[in-house]
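Summary of structural features
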Amino acid sequence: MRLLEASTPEDPSLDVAISHALLRRVADREAPATMRLYRPGPTVAFGRLDALRDGFAAATRAARAQGFAPVLRSVGGHAAAYTSAAIVYEEITPQDRLAVELRERFEAMAAALAAALASLGADARVGEIPGEYCPGEFSVNAGGTLKLAGIAQRVTSRAALVSAVVVIAAGDRVRAVLRDVNARLGLDWEPRTAGALDDVVPGVDGGAVRDGLVAQRSRAVDLERAELDPETVALARTLQARHRLA
């Protein structure tokens, strides 16, 4: 499996489009199975269900007002927020049939995340916390009280994209923007469930999280560092308009 770490934190919609392009290219067998780890810019990644709600336009304005770029993501349910003090971990893999191994991919990603965060000193557990933002069965939390990462998945007929965001620091900014965004979307949630890894592992940094994820994944597959190819970037630019919110 190749390992990509390129990102465009100054242009969050392009980062999301790159993941979309990788899904397309892996599905078409133009690119191999890929693990992508990247540091994003401040982003509120809205789900397609959010876009159907009456308060969606107001929610995107609220995100922008707090310095977050609103984007429409390819995976997942409701809005997730993160700053540059986060790591996005994704795996894009080929498959032969739609929806095969859907649950297994969720379980594998959650287990890898929890193990990597536990190796850094977190009481990392898999499971939904009552009242968490963008709730999910395979969220990774600290001690059953603080959401550290959410996991989402998109499956096509020939490939799957599993994506997770680990909030490392700036938990206060994440809580603040989610308060505003979810209020406008009309979503009930409990703000105390939102935070960051450094709330429970003081002093942890992005490099340690990156190394922990690579070490954990390397136990199962051989990772080969690679550069993002021009063909994927070109395709991403054609898809970017689908993810950029005006």
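Scroll up to find the structure this text is about.
Before going into details, it helps to say that this report is about the structure given with it. Bear in mind that the values here come from a model prediction, so they are computed numbers and not experimental data.

**Describing unusual backbone geometry**
Unusually for a residue other than glycine, Arg-29 sits at a positive phi of about 60 degrees. Secondary-structure assignment places Arg-29 in the loop between helix H1 (12–27) and strand E2 (34–38). Positive phi outside glycine occurs at Ala-170, with the angle close to 65 degrees. One can find Ala-170 in the loop between strand E10 (159–167) and helix H4 (171–185). Taking relative accessible area as the criterion, Ala-170 reaches 23% and is therefore assigned partly exposed.

**Concerning the sheet that holds strand E8 (residues 140–142)**
Strand order in this open sheet of eight strands is E7-E8-E9-E10-E6-E2-E1-E11, and the pairing throughout is mixed. Both edges of this open sheet fall to strand E7 (124–126) and strand E11 (224–225), since each of them pairs with a single strand only. Pairing analysis gives three bridges linking E8 to strand E9 (residues 146–155), with the strands arranged antiparallel. The partner of Ala-142 across the bridge, within E9, is Leu-146. Packing against the sheet, helix H3 (residues 102–119) makes contact with strand E6 (86–94), E7, E8, E9 and E10, and its axis sits at approximately 150 degrees to E9.

**Points about the packing of aromatic side chains**
In this structure the tally under the stated criterion is three aromatic pairs. Over the face of the ring belonging to Tyr-38 we find Arg-36, whose NZ or CZ atom lies 3.8 Å from the ring centre.

**A word on the packing of H1 against helix H6 (residues 230–239)**
The interhelical angle for the contact between H1 and H6, taken along N-to-C directions, is 115 degrees, at an axis separation of 8 Å. Crossing of H1 over H6 shows right-handed handedness. Within the contact between the two elements, H1 uses Leu-14, Ala-17, Ile-18, His-20, Ala-21, Leu-22, Arg-24 and Arg-25 and H6 uses Glu-231, Thr-232, Leu-235, Ala-236, Arg-237 and Leu-239. Here the contact of H1 with H6 is built from residues that sort into eight nonpolar, two polar and four charged.

**Section: the layout of surface pockets**
Here the largest pocket defines a volume of roughly 440 Å³. If you go around the largest pocket, you meet 34 residues; those closest to its centre are Arg-73, Val-75, Ile-151, Ala-152 and Ser-163. Elements represented by at least two residues in the lining of the largest pocket include exactly H1, strand E5 (80–82), E6, E9 and E10. Looking at which element gives the most residues to the lining of the largest pocket, the answer is E9, with six residues. Of the residues contributing to the lining of the largest pocket, the split by class is 21 nonpolar, nine polar and four charged. When its volume is computed, the second largest pocket comes out at roughly 160 Å³. For the lining of the second largest pocket, the elements supplying multiple residues, two or more each, are E6 and H3. For the lining of the second largest pocket, the per-class residue count stands at five nonpolar, one polar and three charged.

Quick notes on the rules
Residues numbered from 1 in each chain as written. Predicted model: local features only at pLDDT ≥ 70, side-chain atom pairs only at ≥ 80, totals over all residues. Heavy atoms only, no water. Helix = DSSP H or I, 4+ residues; strand = E, 2+ residues; numbered from the N terminus. Buried < 20%, exposed > 50% of the residue type's maximum accessible area, 1.4 Å probe, protein only. Pairing = 2+ DSSP bridges. Contact = heavy atoms within 4.5 Å. Axes fitted to C-alpha atoms, helices over the stretch in contact; angles between N-to-C directions. Phe/Tyr/Trp six-rings, centres within 6.5 Å; stacked < 30°, edge-to-face > 60°. Lys NZ or Arg CZ within 6 Å of the ring centre and 35° of its normal. Left-handed = near helix turned anticlockwise from the far one by under 90°. Nonpolar A, V, L, I, M, F, W, Y, C, P; charged D, E, K, R; others polar. 1 Å grid on protein atoms, 1.4 Å probe; cavity = no way out; pocket = protein on both sides within 12 Å on 5 of 7 lines; lining within 4 Å. Points joined across faces, edges and corners; volume = space filled by probe spheres on them.

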